[in-house]
Amino acid sequence: MKLLKQLRPEVKAAREDVIVFAVGGYKLAIAAGAVKEIRGMDDLHPFKLGGISAQIAKLKYTLERNGTTYFVIDAAQHFRLPASNASRVMVLRNTPTGVLVDSTDRIMEISTLHALPPAFTHEERGWYRGLAVVNGLVVPIVNHNAFLNRSELEIVRAGLERVRGVVSV
Amino acid sequence: MIAEGDKSYVLFPLGEKRFALRAETVTELARPDSVQTFPHRTPLLTGVLVRRGRIVPVCDVAQVLIGPTAPAGKFYLIANCKIGVRQELTAVPVTGECELASAASVPLTGNEPPYVSGMLSLGDETIAVVALEKLICAEATT
């Protein structure tokens, strides 16, 4: 009985809309509810702030929208992939984060979310909420909070405040 | 006739060499299926297979057992493997047909890698019994 329980894969049954996007030739998906807007590359400002750029190399641009500064992350770099041809920015909801991706595909509904198999033990455990299987294809569902996590956000904010303080003096 | 003390093993080829897994851990030998990949950083894992609605990670043990020149796998040996506290199916690419054999293990010399749990002597051939979970865990921490 115990063995059966241990063998049972972790699967969460919950219908959810996700947006499929591509990075470096891979198809991934993000919860539709986590995305506020999908836009082109216009109005992006290169982010260059000495120490911060070195610490968080995946942070490439900022984007000003309605008085909020969004920090735009290169998804290819986040997933440790070779540089790709980013053409779209997914602006996330409830976090000042944007994500550079190669393309966005479609919204689809998933009905189950499989846990990432425990054999995957490295950074990917933080990258994904789980895996969905759609028509036999495995699509990782990303953890949108991992693109720029809380501590990284603190570093960026502190750095920006420091710079703004210097400028205002 | 199985001698007392003999156990069953699944012998699998990787290139010119053969290795063994304890038979009770093996659930099936699957035909080639499309391995699906996504970004990750865990060594040895090449992707996942979907088998009967389950997602099975594919672990290319040949990289450790025979090195980077290993030929491509022709089949997948799917075995139960304890990862942490959970039993999990893991697919191992093998380069040819497998064989079920019974044999007694010969004593280890102490010089074997930690993922070798025993040695089998079958005729002129000495075959290492692989403890899959130890191999995966050792590589995962590198």
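Residues numbered from 1 in each chain as written. Chains lettered and ligands numbered in written order. Predicted model: local features only at pLDDT ≥ 70, side-chain atom pairs only at ≥ 80, totals over all residues. Heavy atoms only, no water.

With respect to the overall build of chain A
Helices and strands together make up the secondary structure of chain A, namely five helices and 11 strands. Based on the C-alpha atoms only, the size of chain A along its principal axes is roughly 70 × 35 × 30 Å. By the burial criterion, 46% of the 169 residues in chain A qualify as buried. Long-range contacts, defined as pairs at least 24 residues apart, comprise 58% of the intrachain contacts of chain A with a sequence gap of at least 6. (Helix = DSSP H or I, 4+ residues; strand = E, 2+ residues; numbered from the N terminus. Buried < 20%, exposed > 50% of the residue type's maximum accessible area, 1.4 Å probe, protein only. Contact = heavy atoms within 4.5 Å.)

Digging into the pairing of strand 1 (residues 7–14) of chain B
Each regular strand displays side chains that alternate between the two surfaces of the sheet. All names here are of chain B. Of all eight residues making up strand 1, six are buried, and the element is well covered by its neighbours. Sheet topology note: the strand 1/strand 8 (residues 99–103) ladder contains five bridges and is antiparallel. Along strand 8, the bridge assignment pairs Leu-11 with Glu-99. Judged from the six bridges that link them, strand 1 and strand 2 (residues 17–22) form a sheet pairing that is antiparallel. In the strand pairing of strand 2, Val-10 is matched with Leu-21. Hairpin connection, strand 1 to strand 2: the antiparallel pair is bridged by two residues, and Gly-15 has positive phi, about 65 degrees. (Pairing = 2+ DSSP bridges.)

Here we look at the environment of A:Lys27
All names here are of chain A. Relative to the assigned elements, Lys-27 resides in strand 2 (residues 26–31). On the accessibility criterion, Lys-27 (45% relative accessible area) is partly exposed. Remark: the alpha-carbon pair of Lys-27 and Val-139, spanning 112 residues in sequence, is separated by 6.5 Å. Setting aside its immediate chain neighbours within four residues, Lys-27 contacts Val-20, Phe-21, Asp-105, Val-139 and Pro-140. Looking at Lys-27, its side chain comes within polar contact range of the side chain of Asp-105, at 3.0 Å. (Polar contact = N/O pair within 3.5 Å; in protein donor to acceptor, adjacent residues only side chain to side chain.)

Considerations on the pattern of salt bridges
Residue and element names in this part refer to chain A. Following the criterion strictly, the structure yields 15 salt bridges over all chains and no others. The closest approach of N and O atoms between Arg-65 and Glu-37, which form a salt bridge, is 3.0 Å. Of the two residues, Arg-65 is situated in strand 5 (residues 59–65) and Glu-37 in strand 3 (residues 35–39); the sequence distance between them amounts to 28 residues. Where Arg-80 meets Glu-123, a salt bridge forms, and the shortest distance between an N and an O atom there is 2.8 Å. You can see Arg-80 sitting in the loop between helix 3 (75–78) and strand 7 (88–92) and its partner Glu-123 sitting in the loop between strand 9 (103–114) and helix 4 (124–127), a full 43 residues away along the chain. (Salt bridge = Lys/Arg side-chain N within 4 Å of Asp/Glu carboxyl O.)

Focus on the interface of chain B and chain A
Tallying the contact residues gives 24 residues for chain B and 30 residues for chain A. At the boundary of chain B with chain A, total buried surface from both sides reaches about 2,400 Å², with 65% on carbon and sulfur atoms. Inspection of the chain B/chain A interface yields one salt bridge. In this structure, the connection of chain B to chain A is made through nine residue pairs in polar contact (both at pLDDT 80 or more). No other element matches the four residues that strand 4 (residues 45–51) of chain B contributes to the side of chain B that touches chain A. Its residues assigned to classes, the side of chain B that touches chain A comprises 11 nonpolar, nine polar and four charged. (Buried area = accessible area lost by both parts, 1.4 Å probe. Nonpolar A, V, L, I, M, F, W, Y, C, P; charged D, E, K, R; others polar.)

What to know about the packing of aromatic side chains
If you walk through the whole model with that rule in mind, you get seven aromatic pairs over all chains. On the basis of an interplanar angle of 35 degrees and a centroid distance of 5.3 Å, the ring pair of A:Phe120 and B:Phe38 is categorised as tilted. Note that A:Phe120 is positioned in the loop between strand 9 and helix 4 and B:Phe38 in the loop between strand 3 (26–30) and strand 4, a pairing that runs across two chains. With respect to burial, A:Phe120 and B:Phe38 carry one shared label: buried. Aromatic ring contacts, followed pair by pair, group A:Phe79, A:Phe120, A:Trp127, A:Tyr128, A:Phe147 and B:Phe38 into a single cluster. (Phe/Tyr/Trp six-rings, centres within 6.5 Å; stacked < 30°, edge-to-face > 60°.)

Structural notes on the sheet that holds strand 6 (residues 68–74) of chain A
Residue and element names in this part refer to chain A. Here we have six strands laid out as an open sheet, ordered 3-7-8-6-5-4, and mixed in their pairing. Both outer strands of the open sheet, strand 3 and strand 4 (44–46), are each paired with one neighbouring strand and no more. When the angles between neighbouring strand axes are averaged without regard to direction, this sheet yields 30 degrees. Pairing analysis gives four bridges linking strand 3 to strand 7, with the strands arranged antiparallel. What sits directly across from Arg-39, in strand 7, is Val-89. (Axes fitted to C-alpha atoms, helices over the stretch in contact; angles between N-to-C directions.)

Comments concerning unusual backbone geometry
Not every positive phi belongs to a glycine, and A:Asn94 is a case in point at roughly 65 degrees. Structurally, the position occupied by A:Asn94 is in the loop between strand 7 and strand 8 (97–101). According to the relative accessible area criterion, A:Asn94 is exposed, its value standing at 78%. Of note in this structure, B:Leu44 is not a glycine but carries a positive phi near 75 degrees. Summarising the element assignment, B:Leu44 is placed in the loop between strand 3 and strand 4.

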